[in-house]
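# A structural walkthrough
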Amino acid sequence: LIAQRVRQMPLLVVSGVMIGYICSAVTDFVITFAEDSNIVNLHNWSMGSFSGISWDNIRVMTPVVLVSLVCVFLLSKPIGAYQLGEGYARSMGVNIAAFRVVSSVLSACVAAFAGPISFVGIAVPHLAKSLFGTAKPILMIPACFLGGAGFCLLCDLIARTVFAPTELSISTVTALFGAPVVIYIMVHRKSSRW
């Protein structure tokens, strides 16, 4: 809603940060009056973990992910136009709202069950693009789906076994592997512009 009114990227980023603070304040308010067991569950969820996922969760998640995957494949040509910029995509008649809906549904589905897991959506696509040497959506879509799943499983394995019986959060491990990739990408882009 704010993106429809604010066209300048710095203001949009600041608005997002402010909304994050508001949500954090609401969460803190709810935690104040919550039971201890719910506080522990919220803490575990907020750190990102696959340990609480059951087969019932998988049954709920699978249809959503499969339908979203089909929608993403159907949008592969418009995604190619979107890669050239949002303005270009709009001028080609691409429905930007459809991209936002599909990506929001996929992100919400994963975050609802596993919690927010950082750096997967940023690092994996760039690694897949470097690995395959192309940015064609028809190749990158399955590469990102499978690469993201593999990356998360590897990080989950490390989180559960390195300091066993203590379990790290997945976000801790994904940040250790994903942050250097993002830093490298930013530095590489800046140096290539010079």
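Presented here is a report on the structure given in the accompanying data block. Counting restarts for each chain: residues are numbered from 1 in the order of the written sequence. The predicted origin of the model limits local features to residues at a pLDDT of at least 70 and limits the giving and counting of side-chain atom pairs to 80 or more, whereas totals for whole chains, interfaces and linings rest on all residues. Only hydrogens and water are set aside; all other atoms, that is, all heavy atoms of the structure, feed into the side-chain values.

## Some points on the overall build of the chain
Rules: Secondary structure counts use DSSP, requiring at least four H or I residues in a row for a helix and at least two E residues in a row for a strand, with both numbered from the N terminus. When a residue's accessible area, from a 1.4 Å probe over protein chains only, is under 20% of the maximum for its type it is buried; when over 50% it is exposed; and in between it is partly exposed. In what follows, a contact means two residues having at least one pair of non-hydrogen atoms within 4.5 Å. Areas reported here follow the Shrake-Rupley algorithm with a probe of radius 1.4 Å; residue values treat only the protein chains shown as occluding.
A tally of regular secondary structure across the chain gives 10 helices and zero strands. In the chain, the succession of α and β elements from N to C terminus is α-α-α-α-α-α-α-α-α-α. Expressed as lengths along the three principal axes of its C-alpha atoms, the size of the chain is roughly 55 × 40 × 40 Å. Sorting the 194 residues of the chain into buried and exposed places 23% on the buried side. Restricting the contact set of the chain to residue pairs at least 6 apart, pairs at least 24 apart contribute 65%. Accessible surface, the chain: about 13,400 Å² in total, of which carbon and sulfur atoms supply 70%.

## So, the pattern of salt bridges
Close approach of charged atoms allows side chains of opposite charge to pair. Selection rule: A pairing counts as a salt bridge when a side-chain nitrogen of Lys or Arg comes within 4 Å of a carboxyl oxygen of Asp or Glu.
Inspection of the entire model under this criterion finds two salt bridges. Among the ionic pairs, Asp-56 bridges to Arg-59, the shortest N-O distance being 2.6 Å. Highlighted residues: Asp-56 and Arg-59, both in helix α4 (residues 55-74), separated by three residues, approximately one helical turn. Of the two residues, Asp-56 and Arg-59, neither departs from the other in class, the shared state being exposed.

## What about unusual backbone geometry?
Cis rather than trans, the peptide bond between Ala-164 and Pro-165 has omega equal to 10°. Turning to its location among the elements, Pro-165 is positioned in the loop between α9 (137-161) and α10 (170-193). A positive phi angle is found at Phe-119, which is not glycine, with a value near 70°. Inspection of the secondary structure assignment puts Phe-119 in the loop between α7 (96-114) and α8 (120-132).

## Structural notes on the packing of aromatic side chains
Convention followed: Any pair of Phe, Tyr and Trp rings, taking the six-membered ring for Trp, is counted once the centres come within 6.5 Å. Such a pair is stacked with planes under 30 degrees apart, edge-to-face with planes over 60 apart, and tilted for the rest.
On inspection of all chains with the given rule, the structure shows one aromatic pair. Between Phe-29 and Phe-33, the aromatic rings sit 5.2 Å apart at their centres with planes inclined by 70°, giving edge-to-face as the arrangement. For the pair formed by Phe-29 and Phe-33, the shared burial category is exposed.

## Examining the side chain of Ser-171
The line we're drawing: Residues adjacent in sequence count toward polar contacts only when both atoms are side-chain atoms; beyond that, a polar contact is any pair of N or O atoms within 3.5 Å, and within protein one must be able to donate a hydrogen and the other to accept it.
With respect to the element layout, Ser-171 can be found in helix α10. What makes Ser-171 buried here is its relative accessible area of 14%. A polar contact is formed between the side chain of Ser-171 and the backbone oxygen of Pro-116, at a distance of 2.9 Å. When sequence neighbours within four positions are dropped, the list of residues in contact with Ser-171 reads Met-47, Gly-48, Pro-116, Ile-117 and Ser-118.

## Some remarks on the packing of α4 against α7
We count it as follows: Axes, fitted as lines to C-alpha atoms, cover a helix only where it is in contact. Angles between the N-to-C directions of the axes lie from 0 to 180 degrees. Note that the term roughly parallel is reserved for angles under 35 degrees, roughly antiparallel for angles over 145, roughly perpendicular for angles of 65 to 115, and oblique for everything else. What makes a crossing left-handed is the near helix being turned counterclockwise from the far one by less than a right angle; a clockwise turn instead makes it right-handed.
Relative to each other, α4 and α7 sit at 160°, their axes nearing to 10 Å. Regarding the angle of α4 to α7, the classification is roughly antiparallel. The handedness of the crossing between α4 and α7 is left-handed. Residues Asn-57, Val-60, Met-61, Val-64, Val-65, Ser-68, Cys-71 and Val-72 of α4 form the contact with α7, whose participating residues are Val-102, Val-105, Leu-106, Cys-109 and Phe-113.

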